[in-house]
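# Summary of structural features
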Amino acid sequence: MDTPNIDIDYVANLARLALTPEEKVTYARQLGDVLAYIDKLKEADVSGVEPTAHAFDVSNVWAADVPRPGLSVEDALRNAPAARDSMIVVPKVVE
Amino acid sequence: MSSALVFQTAAALSDQLGARKVSAVELAQACLAQVRATDDRIHAFLSVDEADILAQAGAADARRAAGQARGPLDGVPVGLKDVIAVRGQPLTCGSRMLEKFVSPYDATAAIGLKNAGAVLFGRANMDEFAMGSSTENSAFQTTSNPWDVTRIPGGSSGGSAAAVAAGQVPVSLGSDTGGSIRQPAALCGIVGLKPTYGLISRYGLVAYASSLDQIGPFAHTVEDAALVLQAIAGHDVNDSTSFRTEIPDYRAELAKRRGPWRLGVPKEYFGAGLAPEVRASVEKAIAWYRAQGCEIREVSLPHTEYAVAAYYIIATAEASSNLARFDGIRYTHRSPKATDAVDIYHHSRAEGFGSEVKRRIILGTYVLSSGYYDAYYGRAQKVRTLIRQDFLNAFREVDALLTPTSPTVAFKKGEKTANPLEMYLADIFTISLNLAGLPGVSVPCGFSPEGLPIGLQIVGRPFQEADLLAIAHAYEQAHDFHTKHPVL
């Protein structure tokens, strides 16, 4: 089976994941192996088969429109890496 | 010398609590002592909040003294995989990304246990974000198999399984996306149940692959698994995929449903790659059912060979999307290296995630990326339909299926870490059930010549856990495998 060629820089950027040069080499090789294995799926005859997203079809799930207590500001910010004045601190995104 | 309370079933402990032969505080202390005596070798728990555990046990004793005991689990310790939220407790998911995270709310399953009076006991080790089959992907420690500490306990819920097998807690909760409850249960010689998708709310279960994830119990016996299931099963408005279905009294049904059953043996599960000692034990279990008057029928699940491939597309695609929330902004590790917002994402994720998580995010991102979606994700979802139809066809003829849980006994630490694909194939018999949404239970069915546990997987119809557990219970009670414990 052919090992697909993966543009690892492109995929890592989509995933917002900074990889080291060593990781890029390792992952490109390992993912090539996994993709070669996954290629097996091409043998399956799926003509006319509907896709399954969930094992049991549940749709239009409505909840009563009743207010319920949510997280307090204190709870919501408890795990923030940087917070000030009830807000999460982030670097400037607009000049 | 461990306490006489250690290795007892939750049902037996419950009786003693009810008869006031033991207090919940004494029981909690016995469990804490067993953790202290064994966890330097087993490494099942990432953290154990002793003061909180004793306070919960004290409250259970006070309820009982006031005549307000809440039921069979009141005062019984339950270990939790560190992926299920408990307010005020850590929730690391085995990841540096969440090393300092403290849960601001309770998972619905945790609320179920609290309402039943259970003592929520410790945070059990796991493969990072539940990705793995050996618990070697934890960022913090590798859990040992209590039967042989040079071997893995299975994964990803290896800490929850090892804690029960080592007598540290009578029961625990894990989560199962491709076999992460059943496989470690088999390798540790205990019972592990993955319920039907939708039976238990996923609210407060940190998501790996949302269409496959399900919480379930580990226990020494099927009866104990039924007791825990009772406390956590049922519809929840906080999980729109949880199912509205009648919840029977699972323990009471064990004795009522006696068979004989029509049981299917899928021929695709007994091919090459199945270790001879596993095959021998499972075939012996099948012969036992036949001897009890059950009709044993060979069935075919022809799309089995595609299950692992379909799973690793669907699961990684969902993971790449679910794990996008760990971005270094709101509640996770934030890299000090980063200078702008996008840089925060790249570096925080690079520093916070371990190698298997990165590998799966990359794979999931790739299969969803423009130009590849139809070839991979779209096709995998269609194959998922075929796999599900295979099972539904089989269930027209039989009440349940009998298979091995894992193709081998517990492997050595480090044996498969260099080859991800080989590790993925450890889940070959468990993965299809997640794709089809079906319930499955692993029960101990023997030991290899070197004394390592072997598990029998029983697969049931959707939402028919009462039948599934009754079939497992009948086998278990006629054998003594579940009464054997490792020498620690």
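Right above here is the structure, for reference.
### As for the packing of helix α4 (residues 108-115) of chain B against helix α7 (residues 222-232) of chain B
Residue and element names in this part refer to chain B. Where α4 meets α7, the axes come as close as 7 Å, and the angle between the chain directions of the two elements is 110°. As summarised for this structure, α4 and α7 are arranged roughly perpendicular, according to the angle between their axes. In this structure, α4 crosses over α7, and the sense of that crossing is right-handed. On the side of α4, the interface is formed by Ala109, Gly112 and Leu113, while α7 contributes Val228, Ala231 and Ile232. By residue class, the composition of the contact of α4 with α7 is 5 nonpolar, 1 polar and no charged.

### Overview of the packing of aromatic side chains
To describe a pair of aromatic rings, one takes the distance between the centres and the angle between the planes. All names here are of chain B. Summed over all chains, the structure comprises 22 aromatic pairs over all chains. Taken together, a centroid distance of 6.0 Å and an interplanar angle of 55° make the contact between Tyr366 and Tyr376 tilted. Placement of Tyr366 in helix α12 (residues 355-368) and of Tyr376 in helix α13 (residues 374-397) is noted, with a sequence separation of 10 residues between them. With a relative accessible area of 5%, Tyr366 lands in the buried category. A relative accessible area of 7% places Tyr376 in the buried class. In textbook terms, an aromatic cluster arises when at least three aromatic residues are bridged by ring pairs, as seen for Phe101, Phe129, Phe326, Tyr331 and Phe353. One residue, Lys416, lies across the ring of Phe411, its end atom 4.5 Å from the ring centre.

### Describing the sheet that holds strand β3 (residues 119-124) of chain B
All names here are of chain B. The strand order across the open sheet built from 11 strands is β1-β3-β2-β4-β6-β5-β10-β11-β9-β7-β8, with neighbouring strands paired in mixed fashion. Edge positions in the open sheet fall to β1 (45-47) and β8 (295-299), since each of these has one partner strand only. Across the sheet, the mean angle from the axis of one strand to that of its neighbour is 35°, orientation sign disregarded. As defined by bridge partners, strand β7 (residues 262-266) adjoins β8 across 5 bridges and the pair is classed as parallel. Its bridge partner lying in β8, Arg262 is registered against Glu295. Of the strands in this sheet, β2 (77-81), β3, β4 (171-176) and β6 (214-219) are in contact with α4, which crosses β3 at around 145°.

### Brief notes about the interface of chain A and chain B
Taken together, the contact between chain A and chain B spans 52 residues of the former and 70 residues of the latter. Of the roughly 5,400 Å² buried at the junction of chain A and chain B (both faces included), carbon and sulfur atoms supply 68%. Sorting the residues of chain A by area buried against chain B places Leu41, Phe56 and Asn79 of chain A first, and these three jointly supply 13% of that buried surface. There are 3 salt bridges connecting chain A and chain B.

The rules behind each value
- Residues numbered from 1 in each chain as written.
- Chains lettered and ligands numbered in written order.
- Predicted model: local features only at pLDDT ≥ 70, side-chain atom pairs only at ≥ 80, totals over all residues.
- Heavy atoms only, no water.
- Axes fitted to C-alpha atoms, helices over the stretch in contact; angles between N-to-C directions.
- Helix = DSSP H or I, 4+ residues; strand = E, 2+ residues; numbered from the N terminus.
- Parallel < 35°, antiparallel > 145°, perpendicular 65-115°, else oblique.
- Left-handed = near helix turned anticlockwise from the far one by under 90°.
- Contact = heavy atoms within 4.5 Å.
- Nonpolar A, V, L, I, M, F, W, Y, C, P; charged D, E, K, R; others polar.
- Phe/Tyr/Trp six-rings, centres within 6.5 Å; stacked < 30°, edge-to-face > 60°.
- Buried < 20%, exposed > 50% of the residue type's maximum accessible area, 1.4 Å probe, protein only.
- Lys NZ or Arg CZ within 6 Å of the ring centre and 35° of its normal.
- Pairing = 2+ DSSP bridges.
- Buried area = accessible area lost by both parts, 1.4 Å probe.
- Salt bridge = Lys/Arg side-chain N within 4 Å of Asp/Glu carboxyl O.

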